[in-house]
Amino acid sequence: MKDQKSESAKRKNALWLGLGAAAAVAAGVAIAFAVRPQVDPVAAFKQCKDLVDKQDYKAALQPCEQATGDRVNAFDALVNRATALNGLNLSEQALADYDRAIAIKPASPDALAGKGDTLFRLNRYQEALAAYEKVIQNDPVYSYAWIGKGNTLLKLKRYDEGLSAYEQATTINSQDPYAWIARGYGLSEANRLEAALTSFEKAANLNPEDPEAWSGRGGVLFDLKRYPAALSSYEKAITINPNYSPALIGKSEVFRNTQRLEEALAACQEAIKVSQPDDPEPKLCEGDALFALGQSDRSLTAYEEVIKLDEQNSSAWEGKGLVLAKTKQYEAAIAAYDKALEIDPNSPNMWRILSNRADSLNFLRRYQEALEAVDRSLKTAPTNAVGYNEVWFIRGNALTGLQKYQEAIAAYDKAIKSKPKYEAAWNAKGNAFSKLKQYQPAIAAYDRAIAINPNYLYAVSSKGDALFQLRRYPEAIAAYDKILRLKPSDASAQVPLHAVWLGRGNALSQLKRESEAIADYDRAIAIKSDFADAHFNKGKALVSLKKYPEAIAAFDRAIAINPNYPGATAAIEQARRLNDR
């Protein structure tokens, strides 16, 4: 299941990680903590603050530490250094600095809120909530703490309380665009998209030059599948700030979902150009675009580069899982999905990761585990999300593997209800009917799949098999011929041609056209020499033509391939008796 990643979740996470902090990992950062006696701590503090304001976090670390030697500026130096450490994804060290700052000023809302943000980054949500609530206890009108509290409550799945916290923030300061932006992200997370749209539009009205308001609006419009309007909103954000990478990344997602794949890649690469080298999000965007273009090797490289920058980037692990699954490395894919779930078990994308995990489990024929994973997915999957239909499709596949065909049909119907033109689901529904030997409704389902996509050869082949079962042999041959008229390379990309030749041969044999049937069996064998079915059925056709020595040779070959081939021993004995007469 190729999932389309929701950029809105990434935007929400970016907001929740705190304002101004670039999401990046500084691999191998050497932090010099020693304070040189000759350094002027007042001058060091000025340098510290300037570098943090410029988001040059690595360079800021040493002067910020040196500035802690000045009693007057020690508190602010620690808060600034914590900001820099968070910007470098060194959140444990940042947390220690906030604690040092709080020891100096225990009631400081800035330090307590910063500690809350850092705990949030570390997925320690209960502790983060306690930090924000302590700020509110000390200063009930500190709106940023209400926003942080809202973000945290949503992560804890306490949606109503979270939205109430956002409402409190906008009540405290109804003219603060950031409060409305935060409320918009929260409403979007709670899947209240129209209300979220209103909130972002309120922010844009308050500050028309704020690119984040326009970009957030674009994200909600994307989730509403209003792609032209989403693209327009992202373009507005980019016009305001051409270097605003979240809008470029959002623009790429619109392009991906409207199959403008080369443009999607170009937008990601533009985001890479305007971002800091250690910002993982544009590289993640590039991985997604390359995956959509079918460039598995390059997309895997991009995801692994993101993981090197930020080992805790769950979206990169998810993307890596998708690539590994596409290249049929299912065990490795499951391990990557598990890592994504371990990093952020409360991720708004958990439903999608679980669904992809179930898909890989299906390929490994671990159907019960797949069913359990997909059922967990359905508990939180938004019904309007891109890819929701595929969750039901994967559930149907798990149930089919468990031979629960009626339940599988019900699951495929759910997938079709979500996406009526879903040829794979129609075909799978037909296969489930065929397993129940209900060939007429199976053919009706195959016909729906073919009507959606006349070149969907899985359905054409399966229809031929169902027609054969109904003894409608000329129609079955016509279905097989539709496949065989195509270029072999085109046809074999979808269906195994040796099986098509076998089916056609079987239909010809039933029409007593054994010589033609034998020619088809030979074509199947030419493609797959160890195809026991073709050798066995060829033997039966040769018996009908009284060519017993050749029939015996064909049966011998089937038995050599599969010593336990059903009926082969009896068939060869019969052929020998007939030959001995």
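Residues numbered from 1 in each chain as written. Predicted model: local features only at pLDDT ≥ 70, side-chain atom pairs only at ≥ 80, totals over all residues. Heavy atoms only, no water.

J.: Explanation requested: the overall build of the chain in the structure shown.
T.: The number of helices and strands found in the chain is 33 helices and zero strands. Rg of the C-alpha trace for the chain: 31 Å, well past the compact-globule value of 25 Å for 581 residues, more than 25% over. Its C-alpha atoms put the chain at 115 × 45 × 40 Å along the principal axes. Per-residue burial for the chain yields a buried fraction of 55% across its 581 residues. When contacts within the chain are restricted to residue pairs at least 6 apart in sequence, those whose partners lie at least 24 apart make up 54%. Approximately 25500 Å² of the chain is accessible, and the part contributed by carbon and sulfur atoms is 50%. Treating the 75 positive side-chain charges of the chain as one cloud and the 71 negative ones as another, the clouds have centres 7 Å apart. (Helix = DSSP H or I, 4+ residues; strand = E, 2+ residues; numbered from the N terminus. Rg over C-alpha atoms; globule rule 2.2 N^0.38 Å. Buried < 20%, exposed > 50% of the residue type's maximum accessible area, 1.4 Å probe, protein only. Contact = heavy atoms within 4.5 Å. Areas by Shrake-Rupley, 256 points an atom, 1.4 Å probe, with all protein chains shown as cover. Lys, Arg positive; Asp, Glu negative; His and termini not counted. Charge placed at Lys NZ, Arg CZ, Asp CG, Glu CD.)

J.: Teacher, can you tell me more about the pattern of salt bridges here?
T.: A side chain of one charge can pair with a side chain of the opposite charge when the charged atoms of the two come close. Using the criterion set out here, one finds 37 salt bridges in the structure. Across the salt bridge formed by E92 and R124, the nearest N and O atoms sit 3.9 Å from each other. A residue pair is termed long-range when its members are at least 10 positions apart, and E92 in helix α5 (residues 91-104) and R124 in the loop between α6 (109-121) and α7 (125-138) qualify at 32 residues. Accessibility expressed as a relative area gives 48% for E92, which makes it partly exposed. Within the structure, one salt-bridge network assembled from shared partners comprises E65, R81, D97 and R100. (Salt bridge = Lys/Arg side-chain N within 4 Å of Asp/Glu carboxyl O.)

J.: Please explain the packing of aromatic side chains as it appears in this structure.
T.: Between two aromatic rings, the relevant description is the distance of the centres plus the angle of the planes. Tallied over the entire structure, the rule returns eleven aromatic pairs. Across the ring face of F291, the terminal group of K326 is positioned such that the distance to the ring centre comes to 5.2 Å. Directly above the ring of Y422 sits K419, whose terminal nitrogen or CZ lies 5.0 Å from the centroid. (Phe/Tyr/Trp six-rings, centres within 6.5 Å; stacked < 30°, edge-to-face > 60°. Lys NZ or Arg CZ within 6 Å of the ring centre and 35° of its normal.)

J.: What is the right way to read the nonpolar core from this model?
T.: Nonpolar side chains in soluble globular proteins tend to be buried together. Membership of the largest hydrophobic core comes to 84 residues, with the highest contact counts inside it found for F393, I483, F536, V543 and F555. Ignoring any residue separated from it by four or fewer positions in sequence, one finds V543 in contact with Y548, A551, F555, A575 and L578. (Core = buried A, V, L, I, M, F, W, Y, C linked by side-chain atoms within 4.5 Å.)

J.: Help me understand the state of the cysteines, please; the structure alone is not making it clear to me.
T.: In a disulfide, the sulfur atoms of two cysteines are held together by a covalent bond. Within the structure shown, the criterion is met by two disulfides. Shown here is the disulfide that connects C268 with C285, its sulfur atoms set 1.9 Å apart. Looking down the S-S bond of the C268 and C285 bridge, the torsion is -65°, so its handedness is left-handed. Remark: C285 occurs in helix α16 (residues 280-292) and C268 occurs in helix α15 (residues 261-274); sequence separation between them is 17 residues. C285 carries the same exposure label as C268, and that label is buried. The connectivity of the disulfides in the chain is 1-2, 3-4, where the numbers refer to bonded cysteines in sequence order. (Disulfide = S-S within 2.5 Å.)

J.: Explain the packing of helix α25 (residues 439-452) against helix α26 (residues 457-469) here, please?
T.: The axes of two packed helices give the description: the angle between them and the distance between them. Where α25 contacts α26, the axes come no closer than 9 Å and their chain directions differ by 160°. Between α25 and α26, the interaxial angle falls into the category roughly antiparallel. Judged by the sense of rotation from one axis to the other, the crossing of α25 with α26 is left-handed. Contacts between α25 and α26 pair Y439, I443, Y446, D447, A449 and I450 from the former with A459, V460, S462, K463, A466, L467 and Q469 from the latter. Grouping the amino acids of the contact of α25 with α26 by side-chain chemistry returns nine nonpolar, two polar and two charged. (Axes fitted to C-alpha atoms, helices over the stretch in contact; angles between N-to-C directions. Parallel < 35°, antiparallel > 145°, perpendicular 65-115°, else oblique. Left-handed = near helix turned anticlockwise from the far one by under 90°. Nonpolar A, V, L, I, M, F, W, Y, C, P; charged D, E, K, R; others polar.)

J.: Just to check I follow, could you spell out unusual backbone geometry for this structure?
T.: With the exception of glycine, the majority of residues adopt a negative phi angle, and the majority of peptide bonds are in the trans configuration. One non-glycine residue with positive phi stands out, namely N89, at about 60°. Within the secondary structure layout, N89 lies in the loop between α4 (74-87) and α5. Look at K546: it is not a glycine, yet its phi comes out positive at around 60°. Among the structural elements, K546 can be located in the loop between α31 (532-544) and α32 (548-561).

J.: Help me out: how do you make sense of the side chain of S296 in this one?
T.: Its location among the elements puts S296 in helix α17 (residues 296-309). Sequence-distant contacts of S296, defined by excluding residues within four places in its chain, comprise V323, K326 and T327.

J.: Hey, could you run me through helix α14 (residues 245-257) in this one?
T.: Two residues of an α-helix separated by three or four positions point the same way, owing to the 3.6 residues in each turn. In this model, α14 (13 residues) spans 19 Å end to end at C-alpha, consistent with the 18 Å of a helix rising 1.5 Å per residue. With twelve of 13 residues buried, α14 is to be regarded as a mostly interior element. Along α14, the positions that sit buried rather than exposed are S245, A247, L248, I249, G250, K251, S252, E253, V254, F255, R256 and N257. (Expected span 1.5 Å × (residues − 1).)

J.: Would you mind showing me how to read the environment of L399 here?
T.: By the element assignment, L399 lies in helix α22 (residues 388-401). With eleven residues separating them in the primary sequence, L399 and A410 have C-alpha atoms 10.0 Å apart. Ignoring anything within four residues of it in the chain, the contact list for L399 reads L371, K404, E407, A408 and A411.

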